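Residues per chain are reported as follows:
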Amino acid sequence: MAERLSAEAAKAELDKISGWRLAKSGAAVAKTFEFADFSEAFGFMARAALVADKMNHHPDWSNSYNKVKVVLSSHDAGGLTARDFKLAAALNKIAKV
């Protein structure tokens, strides 16, 4: 099980990744990715799924046409861990943010 980050450590990690916000609960980070069309959004999800599975860390997400809403939290740790921010950075890279 990954170690849960303190609120201060989570804020410091959040400052390092573009476009992500802290959920109201403080136990997750979220971002909505927007693409040109459905095909690009779905392609992002396919590439992201391969990375997430390799990391054994699976996002809560939804897709509506050209938007992909992503929420990351480490449920086994009861909040945010370093792996949430690692996956967030990887998703930004896949989306070329």
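The coordinates are above.
Residues numbered from 1 in each chain as written. Predicted model: local features only at pLDDT ≥ 70, side-chain atom pairs only at ≥ 80, totals over all residues. Heavy atoms only, no water.

*Asks:* I'd like a rundown of the pattern of salt bridges, residues and numbers included.
*Replies:* Scanning the model with the defined rule gives three salt bridges in all. Between K11 and D15 there is a salt bridge; the shortest N-O distance is 2.8 Å. A relative accessible area of 46% places K11 in the partly exposed class. Taking relative accessible area as the criterion, D15 reaches 53% and is therefore assigned exposed. (Salt bridge = Lys/Arg side-chain N within 4 Å of Asp/Glu carboxyl O. Buried < 20%, exposed > 50% of the residue type's maximum accessible area, 1.4 Å probe, protein only.)

*Asks:* If you had to explain the nonpolar core to someone new, which residues and values would you point to?
*Replies:* Of all hydrophobic cores here, the largest spans 22 residues; its most connected members are W20, F33, F44, L72 and L91. Looking at this core, the elements with two or more residues in it are α1 (7-14), β2 (29-34), α2 (38-55), β4 (67-72) and α3 (82-95). Contacts of L91, omitting those with residues within four sequence positions, involve W20, F33, F44, A48, V70 and L72. (Core = buried A, V, L, I, M, F, W, Y, C linked by side-chain atoms within 4.5 Å. Helix = DSSP H or I, 4+ residues; strand = E, 2+ residues; numbered from the N terminus. Contact = heavy atoms within 4.5 Å.)

*Asks:* Residues and numbers for the packing of α2 against α3, please.
*Replies:* Close contact between α2 and α3 brings their axes to 10 Å; oriented N to C, the two are set at 150°. Considered as vectors, α2 and α3 are oriented roughly antiparallel to each other. Remark: the crossing between α2 and α3 carries right-handed chirality. Taking contact as the criterion, the partners of F44, R47, A48, V51, A52 and M55 in α2 are, on α3, R83, K86, L87, A90, L91, I94 and A95. (Axes fitted to C-alpha atoms, helices over the stretch in contact; angles between N-to-C directions. Parallel < 35°, antiparallel > 145°, perpendicular 65-115°, else oblique. Left-handed = near helix turned anticlockwise from the far one by under 90°.)

*Asks:* Pulling in residues and values, what's your account of the packing of aromatic side chains?
*Replies:* A complete count under the given rule lists five aromatic pairs for this structure. Look at F33 and F44: their rings are 4.8 Å apart centre to centre, the planes differ by 40°, and that puts the pair in the tilted class. A residue pair is termed long-range when its members are at least 10 positions apart, and F33 in strand β2 and F44 in helix α2 qualify at eleven residues. Accessibility expressed as a relative area gives 3% for F33, which makes it buried. Note on F44: relative accessible area 0%, which makes it buried. (Phe/Tyr/Trp six-rings, centres within 6.5 Å; stacked < 30°, edge-to-face > 60°.)

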